Amino acid sequence: MARQIITGIRLAAMTAGGVPYGLVEDAAVAVEDGRIAFAGERAALPQGWSDAPGQDFGGRLATPAFVDCHTHIVHGGHRAREFEMRLQGASYEEVARAGGGIVSTVSATRELSEDALVAGALPRLDALIAEGVATVEIKSGYGLTVADELKMLRAARRLGLLRPVRVKTTYLAAHALPPEYKGQANAYIDDVVLPGMDAAHEEGLVDAVDGFCEGIAFSPDEMARVFDHADKLGLPVKLHAEQLSNLGGARLAASHGALSADHLEYLDEDGVAAMARAGSVAVLLPGAFYTLRETQLPPVDALRRAGVPIAVATDCNPGSSPLASLLLTLNMACTLFRLTPEEALAGATREAARALGLAGEIGTIEPGKRAELAIWDVEHPAELAYRIGFNPLHRRIVGDAA
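For clarity, every value in this text was computed on a predicted model and none was experimentally measured.

What counts and what doesn't
- Residues numbered from 1 in each chain as written.
- Predicted model: local features only at pLDDT ≥ 70, side-chain atom pairs only at ≥ 80, totals over all residues.
- Heavy atoms only, no water.
- Pairing = 2+ DSSP bridges.
- Helix = DSSP H or I, 4+ residues; strand = E, 2+ residues; numbered from the N terminus.
- Axes fitted to C-alpha atoms, helices over the stretch in contact; angles between N-to-C directions.
- Phe/Tyr/Trp six-rings, centres within 6.5 Å; stacked < 30°, edge-to-face > 60°.
- Buried < 20%, exposed > 50% of the residue type's maximum accessible area, 1.4 Å probe, protein only.
- Lys NZ or Arg CZ within 6 Å of the ring centre and 35° of its normal.
- Expected span 1.5 Å × (residues − 1).
- Bend = angle between axes of the 7 residues up to and from the residue.
- Contact = heavy atoms within 4.5 Å.
- 1 Å grid on protein atoms, 1.4 Å probe; cavity = no way out; pocket = protein on both sides within 12 Å on 5 of 7 lines; lining within 4 Å.
- Points joined across faces, edges and corners; volume = space filled by probe spheres on them.
- Nonpolar A, V, L, I, M, F, W, Y, C, P; charged D, E, K, R; others polar.

Caption draft 1: Expanded view of the sheet that holds strand 1 (residues 3-12). The strand order across the open sheet formed by six strands is 3-2-1-4-13-14, and the pairing between neighbours is mixed. Every other strand in the sheet has two partners, leaving strand 3 (35-41) and strand 14 (393-398) as the edge strands with one partner each. When strand polarity is set aside, the average angle formed by the axes of neighbouring strands in this sheet is 35 degrees. Pairing between strand 13 (residues 372-376) and strand 14: five bridges, direction antiparallel.

Caption draft 2: Spatial organisation of the packing of aromatic side chains. Applying the stated criterion to the full structure yields four aromatic pairs. Judged by centre distance (6.1 Å) and plane angle (25 degrees), the ring pair of Tyr 188 and Phe 218 falls under stacked. Taken together, the residues Tyr 188 in helix 6 (residues 185-202) and Phe 218 in the loop between strand 8 (208-213) and helix 7 (220-233) connect sequence positions 30 residues apart. The pair Tyr 188 / Phe 218 is uniform in exposure class, with both members buried. Between Arg 3 and the ring centre of Trp 49, over which it is positioned, the NZ or CZ distance is 3.8 Å.

Caption draft 3: Up close: helix 4 (residues 114-129). For helix 4, with 16 residues, the first-to-last C-alpha span of 22 Å sits near the 22 Å given by 1.5 Å per residue. Its maximal kink placed at Leu 122, helix 4 deviates by approximately 30 degrees, while the proline Pro 123 follows within four residues. Among the residues making up helix 4, those that are buried are Leu 117, Val 118, Ala 121, Leu 122, Arg 124, Leu 125, Leu 128 and Ile 129. Buried-residue contacts for helix 4 involve strand 5 (66-68), helix 3 (102-110), strand 6 (133-139), helix 5 (146-162), helix 12 (326-337) and strand 14.

Caption draft 4: Geometry of empty space enclosed by the protein. Here the structure, examined in full by the defined rule, presents three cavities of 30 Å³ or more. His 72, Tyr 92, His 175, Asn 317 and Ser 320 are, among the 13 residues lining the largest cavity, the residues nearest its centre. For the lining of the largest cavity, the per-class residue count stands at four nonpolar, seven polar and two charged. Empty space within the second largest cavity amounts to approximately 50 Å³. Secondary-structure elements contributing two or more residues to the lining of the second largest cavity are strand 5 and strand 6.

Caption draft 5: Quick peek at the layout of surface pockets. When its volume is computed, the largest pocket comes out at roughly 490 Å³. Lining the largest pocket are 19 residues, with Ala 96, Arg 97, Val 103, Leu 177 and Ile 216 positioned closest to its centre. Residue assignment for the lining of the largest pocket shows that the elements contributing at least two residues are helix 2 (92-97) and helix 3. Looking at which element gives the most residues to the lining of the largest pocket, the answer is helix 2, with three residues.

Caption draft 6: Representation of the sheet that holds strand 5 within the structure. Taken together, the eight strands give an open sheet; going across it, the order is 5-6-7-8-9-10-11-12, and neighbouring strands pair in parallel fashion. For this open sheet the edge positions go to strand 5 and strand 12 (310-312), each flanked by a neighbour on one side alone. Averaged over all pairs of adjacent strands, the angle between their axes in this sheet comes to 25 degrees, without regard to strand direction. Strand direction decides the pairing type here: strand 6 and strand 7 (residues 166-174), joined by five bridges, are parallel. Paired with Glu 137 across the two strands is Lys 168, which belongs to strand 7. Helix-sheet contacts for helix 5 involve strand 6 and strand 7, and the interaxial angle to strand 7 is about 170 degrees.

This is the structure:
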């Protein structure tokens, strides 16, 4: 039986309610077989732990390890030229309709082997891990053939074997129409999206199903076909929704009990209410908002009033959010979207775990959950969102490895 005690910490447990950040001064965390047995004031540590091995972190701050709940880190190529085009005045939609955007990454991704995709993704994954991330969601969506979507998902699964990080995979074949299916969305769904989902499910490669519901991608009716199929397979769903317009994607996702709806700049009150009823998480992606120079803010106040959980994530991808820093994402969430530092930190821990269906396993520091902690060289948790371009991580703790 592996046991250890973590002491000399100010504990930001990030439990809901109670004191801000769930902050406990002079705290201790007891870990047994990789799970938290106790978290609280050191003076209240249960008897029987005095002889357990431990580490004293000299008064540093401990938080739950970070969760990046929306990424596209497996892909080929880059889109720096499109970055230039947007700076010269082209919109995201104009770039996409000119043959750029997602489709350009599809070409680069199809050309790479699974090994090459893994090698290309590792530096991005390592950047996240270096900032305290212990769980990362990785989407497919740049293959757009059955074989290439499966190749991406296999690469994502391999990343979780090569690094001490939990990888949750999301099947995103309904991301864009490849050139060979231009104007034939339903045929693409019939030929690629649905059979690819079956194959990924049979191979154990998929944890959730996603799509892009926009005028440049798939309509709500088309996404409903995808979600109906996911429901039959018992796979949870999530959706890129209301990023560029309001098509009612969030309402559709909520009607399927979605884990989350993501982006949400154009979300309306009906969509907010539907998400609240369904318990779906609003995943905000300030990196894409920043990169695309968007001006339509997501309805944060409406989400708060309705009690919709708010998560934040990097959306790390080669086009609209080439961002591999969750710490910078926290700052952006506060500066651009006016989240409080506590909301931003909860969004990268407790609520991000909820957005992946892992709320019972990670995201807070409390008994019964996995011992996944980040130890920081800061005095107060607000510093994690306050600083820009500075990484104060001292140690990442995953299970029994401290």
